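# What the coordinates show
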Amino acid sequence: MPKADFVTGLLLMGLSLYVIIEAGRMPRLEHLKVHPLSVPGLVPSFLASVLFVFGAVLTLRSALRGGHRLSISMRGLSQTLKAPENKRLLLTGLLSLIYALLLIGRLPYPLATGLFIFTFILLFEWEPVGNAGRKGRTLFSALAIATLSSIAITLIFERLFLVSLP
């Protein structure tokens, strides 16, 4: 576990730095005379800063337990990739990349977000073996959650946080 914590901590720190940089590039809305403490990039910067600190603590703790000594072998890598939890992690990463690189900007934001959430729920909750009633409930709940979530996310970001969405 120390090795996994070490790598995870480094990834969290890298992601945090990226978010901090991108949040700093967000519009400041001076032309709207917006108060400096209510600019759109402030909350992401704060959250990313907290995540960076937690990533640094995780990295430091794991390094003190020997997690920085990474020994990578093909056999170990193969076993790691075959683990169910890592397959789910890779699927989550793939879905996120599809959402960010293919859906956002090509489809209206609420539709792209709804499709992402719907697909995500179905892929992780769908049970191929089971009765039709359970499958119907899963399908209906995925559709309801995706629809309500995408509407809520869009309204909150556009109306409350004044973030123009793609």
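Rules and cut-offs
- Residues numbered from 1 in each chain as written.
- Predicted model: local features only at pLDDT ≥ 70, side-chain atom pairs only at ≥ 80, totals over all residues.
- Heavy atoms only, no water.
- Helix = DSSP H or I, 4+ residues; strand = E, 2+ residues; numbered from the N terminus.
- Buried < 20%, exposed > 50% of the residue type's maximum accessible area, 1.4 Å probe, protein only.
- Contact = heavy atoms within 4.5 Å.
- Salt bridge = Lys/Arg side-chain N within 4 Å of Asp/Glu carboxyl O.
- Axes fitted to C-alpha atoms, helices over the stretch in contact; angles between N-to-C directions.
- Parallel < 35°, antiparallel > 145°, perpendicular 65-115°, else oblique.
- Left-handed = near helix turned anticlockwise from the far one by under 90°.
- Nonpolar A, V, L, I, M, F, W, Y, C, P; charged D, E, K, R; others polar.
- Polar contact = N/O pair within 3.5 Å; in protein donor to acceptor, adjacent residues only side chain to side chain.
- Core = buried A, V, L, I, M, F, W, Y, C linked by side-chain atoms within 4.5 Å.
- 1 Å grid on protein atoms, 1.4 Å probe; cavity = no way out; pocket = protein on both sides within 12 Å on 5 of 7 lines; lining within 4 Å.
- Points joined across faces, edges and corners; volume = space filled by probe spheres on them.
- Phe/Tyr/Trp six-rings, centres within 6.5 Å; stacked < 30°, edge-to-face > 60°.

## Here we look at the environment of Ser45
Residue position: Ser45 is located in helix 2 (residues 42–64). Since its relative accessible area comes to 19%, Ser45 is described here as buried. In sequence terms Ser45 and Tyr18 are 27 residues apart; their C-alpha atoms lie 9.8 Å from each other. Among residues more than four places away in sequence, those in contact with Ser45 are Ile20 and Ala23.

## Overview of the pattern of salt bridges
This structure, assessed with the given rule, holds three salt bridges. The shortest N-O distance in the salt bridge between Arg65 and Asp5 comes to 3.6 Å. You can see Arg65 sitting in the loop between helix 2 and helix 3 (74–82) and its partner Asp5 sitting in helix 1 (residues 2–24), a full 60 residues away along the chain. Classification of Arg65 by relative accessible area gives partly exposed; the value is 47%.

## Focus on the packing of helix 1 against helix 2
One way to put it is that helix 1 packs onto helix 2 with a least axis distance of 7 Å and a crossing angle of 155 degrees. Taken together, the axis directions place helix 1 and helix 2 in an arrangement best described as roughly antiparallel. The handedness of the crossing between helix 1 and helix 2 is left-handed. Across the contact of helix 1 with helix 2, the residue classes tally to 16 nonpolar, eight polar and one charged.

## What about the side chain of Thr154?
On the secondary structure map, Thr154 appears in helix 6 (residues 132–160). Side-chain polar atoms of Thr154 contact the backbone oxygen of Ser150, separated by 2.7 Å. Among all residues touching Thr154, those that are not within four sequence positions of it are Tyr109, Pro110 and Leu165.

## Re the nonpolar core
Counting residues in each nonpolar core, the largest one holds 13 residues, and the members touching the most others are Tyr99, Phe116 and Ile117. For this core, the secondary-structure elements that each account for two or more residues are helix 4 (84–103), helix 5 (109–125) and helix 6. The greatest single-element share of this core, amounting to six residues, is contributed by helix 5. Aside from chain neighbours lying at most four places away, what touches Tyr99 is Ile104, Tyr109, Ala112, Thr113 and Phe116.

## Quick look at empty space enclosed by the protein
If you walk through the whole model with that rule in mind, you get one cavity of 30 Å³ or more. The volume enclosed by the largest cavity comes to roughly 40 Å³. Taken together, Glu125, Trp126, Glu127, Val129, Gly130, Asn131, Arg134, Lys135 and Thr138 make up the lining of the largest cavity. Of all the elements, helix 6 adds the most residues to the lining of the largest cavity, at three residues.

## Here we look at the packing of aromatic side chains
Taken as a whole and assessed by the stated rule, the structure comprises four aromatic pairs. Look at Phe116 and Phe120: their rings are 5.8 Å apart centre to centre, the planes differ by 45 degrees, and that puts the pair in the tilted class. A residue pair is termed a helical-turn pair when its members lie 3 or 4 positions apart in one helix, as Phe116 and Phe120 do in helix 5 at four residues. Exposure remark for Phe120: the relative accessible area of 27% places this residue in the partly exposed category.

## Here's the deal with the environment of Phe140
Structurally, Phe140 can be placed in helix 6. Through-space distance from the C-alpha of Phe140 to that of Phe118 is 9.9 Å; in sequence the pair is 22 residues apart.

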